[in-house]
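Here's the letter readout for the chains.
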Amino acid sequence: VAGLDEFMPHPEDNPLTAERVAMGRMLFFDPNLSADARTSCASCHIPRHAFADTLAVSRGTHGLTGERNTPSLINRGYGRAFFWDGRAVSLEAQVLEPVTNPLELGLTLHELERRVLADPRYRPYLRADRARGEPVRTVVARGLSSYLRTIRSGSAPFDAWGTGDTSALSVEARRGMALFRGKANCISCHIGPNFTDEEFHNTGVFAVSGDSGRARVTGRTEDVGAFKTPSLREVARTAPYMHDGSVGTLEEVVDFYDRGGRANAALDAEIRPLGLSVEERRALVVFLHALSGRITGH
Amino acid sequence: MLSFISTSRRPTRAATLSLLGVAVGGWLGACSSAPGGRDGAQAPGQAEPGAVRQRLAEAPLTRRVSSEWVDLEGRTAGAGRFQAMVDWSSGDLALRNLSNGSITRLTANKGWSEFAGSAAISPDERFVAYAWFVSEKSRYQLRLYPLSGPDSGQVRVILDEPDVVYPMPQAWTADGREVLATIQRTDQANQIIAVPLPACTGCTRRVLRTFDWRYPYDLSISPDGRWLAYDFPPTTARGERNVYVMALDGGRESTIAASSANDLAVGWSTDGSHLFVSSERAGSPSLYAVPMNGGKASGEPVLIRADLWGIFPLGTTSSGGIVYGVNTGRRDILTVSLDPSGRANSRATSILSGSREMPGNQAAWSPDGQHIAYVTNRGSAIGFTGPTDIVIRAADRTEVRRLSPKLSRVGAVSWYRDGSALLLHSRDEKGRGLFMRMDLKTGALATLYTEQANSFTRAPNLSPDGNTLYFIANSEAAMMPEVVALDIRTGRLRVVLEASRNRSVTALALSPDARELAVLHTDRDGEGGGVLSVMPVSGGNVRELHKAADTLRFSYGVIEWLPDGSGIVAGMTSRDDSEANPSTELVLVPAAGGAPKSMGISEVGIRSVRVSPDGRRATFNVFVGGAELWKMEPPKLDGGRVATRR
């Protein structure tokens, strides 16, 4: 996929194999792995919406409403911190949490294992790991995280421009890119081919939602209201935005940052009023659309 | 198993890194987070001894290959017959014969609008990949120069992308079909890429790994082509580097050497059984061999040779040698006594007391004239990068204080008028210029100003009341230097001297009464030796004090007011380009106008000058580039020969 790294980190005990990816894909779309047997990972991480959904906050098993906006799974294989608050440090550590979260899939790990073992479709994939004495939950985590590593997006107009195709970006998109890297200062957090520093920043959104974000994990005052920088790959397809889904469009996102976020005691030092003109704000949005490309892992 | 990862302070990080796919061989040091990972805890200023228990009974022989025109940007490989390099007399790509030291120019550059940069020879010594600046595109290309074969001498462009600021070829894949380069992108992210040779039809360049604002360096591939070794700073706060090995066919990576000192990847043994690492963990730069197995450290490192001060790894050879540069340049801070007329009445002597420090370009007198503060590199293995300390010495040369702020690049230091703090000009982890106040009692840092993108701030001058900071920055519109004043209390910027195509400002000094600014700038046509002018701090009329004579030029950055405001000290250097290292003479230009007077001080490489508050002494920093090229015989471990290549 053009524009992305070939190096994608994985634990030594979970190299990417076709078998694990196939099993993970099956698990991802399996509604039986939820309390109401009607909800799957794909219910919120919808492939046609760049593996996000269109709701402000996710809706889980039995129609229960979650706490935060469903993050896109695009390029998460390159990630270093998972969930909006970064409480998981690897995909393997992340993937089982939604399964056991009562507001998401609502199973116990024991029930998850029981249902997987009962489903003959999974048996061929379980055999090797089970023979080594691996718990089913570990095999499931390896499979799901392997599948997530195949969900990637690159080959966007931005990538074509980067390798010398000067016609790939319109004049307005190029203007937007210059603003992105300059006056608008987006680059201070949305850096690199995946457009994220994988760090946590307080932009002031929490002042309304009341969600303390990263501080839930660290317990540190300075982390109150900080959330992980999301990738901007496919961002045009993942509305609504922010950890609480409180911003409906890309235009509104740009307006939010142009105003300098929302003031609070722990506002990130990079967030400040930008003084963008109407044309500049529009150019930024045009550039953000140029980050939509080809998605793999459907 | 012992590892080369120094004593643990936070052992629980190992589990975290393991989950991230980063294999760790044992205890983790304080600075051992994964590349691209979040910062580890800040390391203390002193290097810890590390876990080395073995040393070679017989250190391998070394010999000096050359001491003339040594360029440390180019590498050797293969049989090690040549080093690719830049001939800095012309900007050409050149080859140095490592047998006799002779240099052959490969390109025929016409003028300095274009020039070569970093270069790396292919393992079969048939090609040189090199960076080349193309003026009409205002960017670097990655080019290929065939040294032999039917297309010998026919230069090919192999990478020309608008998003690439600088391509730095450093190694080749084991099959010699791809060049491995680090690139800095326009968004300031750094990447390791593999660029195919033109003969590979349909091949495209691959991005192996993306990093953030920090860059990987010293790339080398294992002989079996499976592993890539490199060094990288694990934290954004300081410049120390660790050594990592990543798999080229997947997502595995191991930390090979991690400590709070510099650890550099030097190259692999020919059988891939060892990775050579340069480390300052024992207090001086030393070379070690780390046993390797499956891309991981597999045993105790062996000390090969200690006290390799100033080394730059330049590659290993198939015959087993290790080629490296040694920085022999001079960096010093000299002091002289002045008579009442401002003329030197003593010989210039160093204030560094024979230490191995590498001071920066500027020292600063404390307001009471009792101390001198300056920036210095701690350690010197890679010389131009790495951590910086701030040293305060008494006027009698005794070191009284050493500060190690959590900053990777401090460029300049000056004192607050009350002596309570230092003003630092640094760069943050994102490469942006910062002006910071460092409290000398607590060591606390406070950011006064972060520069806007591409504004390249420099030459800070703080008003006596500490409320206004004058500096040079590139204007957003014209990208030309202008003089601005920052109101520190409000954060508001005011342009004092607007950018102009006809006047490029190169240096700035605030008068003792804080009413005027002395500025060094180019002539109207940009062809002369520069002009020294003064102007009110409020802006307005620029009054020319002295224009350099045709045969002379003002030295960049050398400008200082006398404490009584009666004159301005500046440096004058010959414009005769045939002189490799012309001397700079310090002169005194009367503030009221008139001909400059010699101060009787002349040295090669003067970069700045500072006059003590009582006007009776002056210090000036000197920097003269210089390097030697050395080759080390194959190290022998356990009586066996450990040959090296690539």
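Everything numeric here is computed off the predicted structure, so don't read it as measured data.

Visitor: Can you help me understand the overall build of chain B in this one?
Guide: The helix and strand inventory of chain B stands at one helix and 53 strands. Across the 646 residues in chain B, those meeting the buried criterion constitute 58%. Sequence-distant contacts, at least 24 apart, represent 46% of the contacts inside chain B between residues at least 6 apart. Here chain B has roughly 24900 Å² of accessible surface; of this, 47% comes from carbon and sulfur atoms.

Visitor: Looking at this structure, I do not really get unusual backbone geometry. What am I missing?
Guide: Peptide bonds are trans in most cases, and residues, glycine excluded, mostly fall at negative phi. Omega for the peptide link from Ala239(A) to Pro240(A) comes to 0 degrees, which places this bond in the cis form. Along the polypeptide, Pro240(A) turns up in the loop between β3 (226–228) and α12 (250–258). The backbone of Met242(A) sits at a positive phi, close to 75 degrees, despite the residue not being glycine. Among the secondary structure elements, Met242(A) is positioned in the loop between β3 and α12. Residue classification places Met242(A) among the buried residues on the basis of a relative accessible area of 12%. One non-glycine residue, Asp218(B), adopts positive backbone phi at about 55 degrees. Tracing the sequence through the fold places Asp218(B) in strand β15 (residues 217–221). Under the relative-accessibility criterion, Asp218(B) is labelled buried at 2%.

Visitor: Please clarify how the pairing of strand β19 (residues 263–269) of chain B should be interpreted in this entry.
Guide: Within a regular beta strand, the side chains point alternately toward one face of the sheet and then the other, so they alternate between its two faces. Among the seven residues that make up β19(B), seven are buried, leaving the element largely enclosed by the rest of the structure. Remark: four residues form the turn of the hairpin made by β19(B) and strand β20 (residues 274–279) of chain B, two consecutive strands paired antiparallel; Gly272(B) in that turn has positive phi of roughly 70 degrees.

Visitor: Explanation requested: the packing of helix α6 (residues 123–131) of chain A against helix α7 (residues 136–149) of chain A in the structure shown.
Guide: Between two packed helices, what matters for the description is the angle formed by their axes and the separation of those axes. Residues and elements named next belong to chain A. Where α6 meets α7, the closest approach of the two axes is 10 Å, and the angle between their N-to-C directions is 120 degrees. The orientation of α6 relative to α7 falls into the category oblique. Of the two elements, α6 crosses α7, and the hand of that crossing is right-handed. Residue-level inspection shows Tyr 125, Leu 126, Asp 129 and Arg 130 of α6 in contact with α7, the latter providing Val 136, Val 139 and Arg 142.

Visitor: Would you explain the pairing of strand β45 (residues 567–574) of chain B in this entry?
Guide: Residue and element names in this part refer to chain B. When you tally the buried positions in β45, you get eight out of eight residues, the bulk of the element. Going residue by residue along β45, you find Gly 567, Val 569, Gly 571 and Thr 573 tucked away on one face and Ile 568, Ala 570, Met 572 and Ser 574 tucked away on the opposite face as well. Summarising the sheet, strand β44 (residues 552–561) and β45 pair through six bridges and their orientation is antiparallel. When the sheet's bridge partners are listed, Trp 561 is paired in β45 with Ile 568. Connecting the antiparallel pair β44 and β45 is a turn made up of five residues, with Gly 565 showing a positive phi of about 75 degrees. Where β45 and strand β46 (residues 583–590) come together, seven bridges link them in antiparallel fashion. Looking across to β46, one finds that Thr 573 is bridged to Thr 584.

Visitor: Would you explain the interface of chain B and chain A in this entry?
Guide: Frequently, the measure chosen for interface size is the accessible area that the parts lose on association. At the interface, 37 residues of chain B touch 32 residues of chain A. Where chain B abuts chain A, roughly 2900 Å² becomes buried across the two surfaces, and 53% of that area is made up of carbon and sulfur atoms. Viewed at the interface, chain A and chain B are joined by four salt bridges. Where chain B packs against chain A, one counts 10 residue pairs in polar contact (both at pLDDT 80 or more). Of all the secondary structure elements, the ones that give two or more residues to the side of chain B that touches chain A are α1 (13–19), β14 (206–211) and β17 (242–247) of chain B. It is β14(B) that provides the largest number of residues to the side of chain B that touches chain A, a total of five residues.

Visitor: Got a minute to help me understand the state of the cysteines in this structure?
Guide: Here a disulfide denotes a covalent bond joining the sulfur atom of one cysteine to the sulfur atom of another. Considering all chains together, one arrives at one disulfide over all chains under this definition. Across a sulfur-sulfur distance of 1.6 Å, Cys200(B) and Cys203(B) are joined as a disulfide pair. Taking relative accessible area as the criterion, Cys203(B) reaches 36% and is therefore assigned partly exposed. A disulfide-free cysteine, Cys41(A) has its sulfur positioned 8.9 Å from the sulfur of Cys44(A), the nearest such atom. A residue is classified by how much of its surface remains accessible, and Cys41(A), at 17% relative accessible area, is buried. Overall, the relative accessible area of 12% leaves Cys44(A) in the buried class.

Visitor: How should I be thinking about the sheet that holds strand β35 (residues 445–450) of chain B in this particular structure?
Guide: Two strands in a sheet stick together by hydrogen bonds in their backbones, pointing the same way (parallel) or opposite ways (antiparallel). Residues and elements named next belong to chain B. Spatially, the four strands line up as an open sheet ordered β32-β33-β34-β35, and their pairing is antiparallel. In this open sheet, the two edge strands, each paired with only one partner strand, are β32 (409–415) and β35. Each strand of the sheet is rotated relative to its neighbour by a mean of 25 degrees, with strand direction disregarded. Relative to β35, strand β34 (residues 433–439) runs antiparallel, the two sharing five bridges. Each residue of the ladder has a partner; that of Met 438, found in β35, is Leu 445.

About the cut-offs
- Within any chain, residue numbers begin from 1 and follow the written order of that chain's sequence.
- A letter from A marks each chain and a number from 1 marks each ligand, given out in the order of writing.
- Confidence filtering applies because this is a predicted model: local features only for residues at pLDDT of at least 70, side-chain atom pairs given and counted only at 80 or more, and all residues used for totals across whole chains, interfaces and linings.
- Side-chain figures throughout are based on the complete set of non-hydrogen atoms in the structure, without hydrogens or water.
- Per the convention used, a helix needs a DSSP run of H or I reaching at least four residues, while a strand needs a run of E reaching at least two, with both numbered from the N terminus.
- To sort residues, take the accessible area from a 1.4 Å probe on protein chains only and compare it with the maximum for the residue type: under 20% means buried, over 50% means exposed, and anything in between is partly exposed.
- Contact definition: two residues touch when any of their heavy atoms are within 4.5 Å.
- Every accessible area reported is derived by Shrake-Rupley at a probe size of 1.4 Å, with residue values counting cover from the shown protein chains alone.
- Whether two strands pair depends on DSSP finding at least two bridges between them.
- What counts as an axis is a line fitted to C-alpha atoms, over the stretch in contact for a helix, and the angles between N-to-C directions run from 0 to 180 degrees.
- For classification purposes, an angle smaller than 35 degrees is called roughly parallel, one larger than 145 roughly antiparallel, one from 65 to 115 roughly perpendicular, and anything else oblique.
- Left-handed describes a crossing in which the near helix is turned anticlockwise from the far one by less than a right angle; the clockwise case is right-handed.
- By definition, the buried area sums, over both parts, the 1.4 Å-probe accessible area that each loses when the two are put together.
- The salt bridge criterion pairs a side-chain nitrogen of Lys or Arg with a carboxyl oxygen of Asp or Glu, the two atoms within 4 Å.
- Polar contact is the term for a pair of N or O atoms within 3.5 Å; when the atoms are in protein, one must be able to donate a hydrogen and the other to accept it, and sequence-neighboring residues count only if both atoms are side-chain atoms.
- For this text, the term disulfide refers to a pair of cysteine sulfurs within 2.5 Å.

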